[in-house]
Amino acid sequence: AQTIHQWPVAEIKAVGSPLSLGCTIKGKSSPNLYWYWQATGGTLQQLFYSITVGQVESVVQLNLSASRPKDDQFILSTEKLLLSHSGFYLCAWSLGEQYFGPGTRLTVL
Amino acid sequence: GQQVQQSPASLVLQEGENAELQCNFSSTATRLQWFYQHPGGRLVSLFYNPSGTKHTGRLTSTTVTNERRGSLHISSSQTTDSGTYFCAIANSGGSNAKLTFGKGTKLSVKS
């Protein structure tokens, strides 16, 4: 069975500080991977996608970056957080239908 | 780009009542997916339904692709159905199955 794990579960960070969020998929070889962002009470917006190791495409510019260092790992990061980065970050995998991880709740103060 | 409209925005039901959630989209879609988001944030896929009708338990998803609409029917609602339901559309069969999400329907089922 496939499992998708995200870390950390939640973060509280200061404006201007760096951030790294992680996502790992087990039990599925070479899936397409996605990062989504959801503002509190809002809808989901796709940020990045990756179809293979080392290759990431940006969908929306939010002063964030993403990397896929391994087939089963997807990383979202920034060197300098903004207040507007607060929200819920979800990782997803797909070989057709999309399945989502448990998410990371980020609060930027 | 693709736009996804969901209605109603919110809905309050008494336990046992039925609900019909609507999803309309602006461009031809290759796939429609319904999600349920738990109050804590976890997003669960309910249906992956490019066209036609699918059933799972008390849930029924119907997609009419050429009319650019979909619906999610919940029968005999329960308090545990409370949460937010999202419709998401992809209009590409390519490598980036970019899902465009609607704003969701917030459902509250009271006992």
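See the structure printed just above.
Residues numbered from 1 in each chain as written. Chains lettered and ligands numbered in written order. Predicted model: local features only at pLDDT ≥ 70, side-chain atom pairs only at ≥ 80, totals over all residues. Heavy atoms only, no water.

Here's the deal with the interface of chain A and chain B
Phase 1 of the analysis: Counting residues at the interface gives 19 residues for chain A, matched by 19 residues for chain B.
Phase 2 of the analysis: Around 1600 Å² of area is buried between chain A and chain B when both sides are counted, 52% of it from carbon and sulfur atoms.
Phase 3 of the analysis: Linking chain A with chain B are zero salt bridges, by the criterion used here.
Phase 4 of the analysis: For the pair chain A and chain B, the interface holds five residue pairs in polar contact (both at pLDDT 80 or more).
Phase 5 of the analysis: For the side of chain A that touches chain B, the secondary-structure elements that each account for two or more residues are β4 (32–38), β5 (44–52) and β10 (98–100) of chain A.
Phase 6 of the analysis: Tallied by class, the residues present in the side of chain A that touches chain B amount to nine nonpolar, eight polar and two charged. (Contact = heavy atoms within 4.5 Å. Buried area = accessible area lost by both parts, 1.4 Å probe. Salt bridge = Lys/Arg side-chain N within 4 Å of Asp/Glu carboxyl O. Polar contact = N/O pair within 3.5 Å; in protein donor to acceptor, adjacent residues only side chain to side chain. Helix = DSSP H or I, 4+ residues; strand = E, 2+ residues; numbered from the N terminus. Nonpolar A, V, L, I, M, F, W, Y, C, P; charged D, E, K, R; others polar.)

Describing the nonpolar core
Residue and element names in this part refer to chain A.
Phase 1 of the analysis: One finds W35, L47, F48, L76 and Y89 to be the most contacted residues of the largest nonpolar core, which totals 20 residues.
Phase 2 of the analysis: Within the residue set of this core, elements represented by two or more residues are β3 (19–26), β4, β5, β8 (73–78), β9 (87–94) and β11 (104–108).
Phase 3 of the analysis: If you tally residues by element for this core, the top one is β3, at four residues.
Phase 4 of the analysis: Those residues in contact with Y89 that lie beyond four places of it in its chain are Q6, L21, W35, Y36, W37, L47, L64, L76, G103, T104 and L106. (Core = buried A, V, L, I, M, F, W, Y, C linked by side-chain atoms within 4.5 Å. Buried < 20%, exposed > 50% of the residue type's maximum accessible area, 1.4 Å probe, protein only.)

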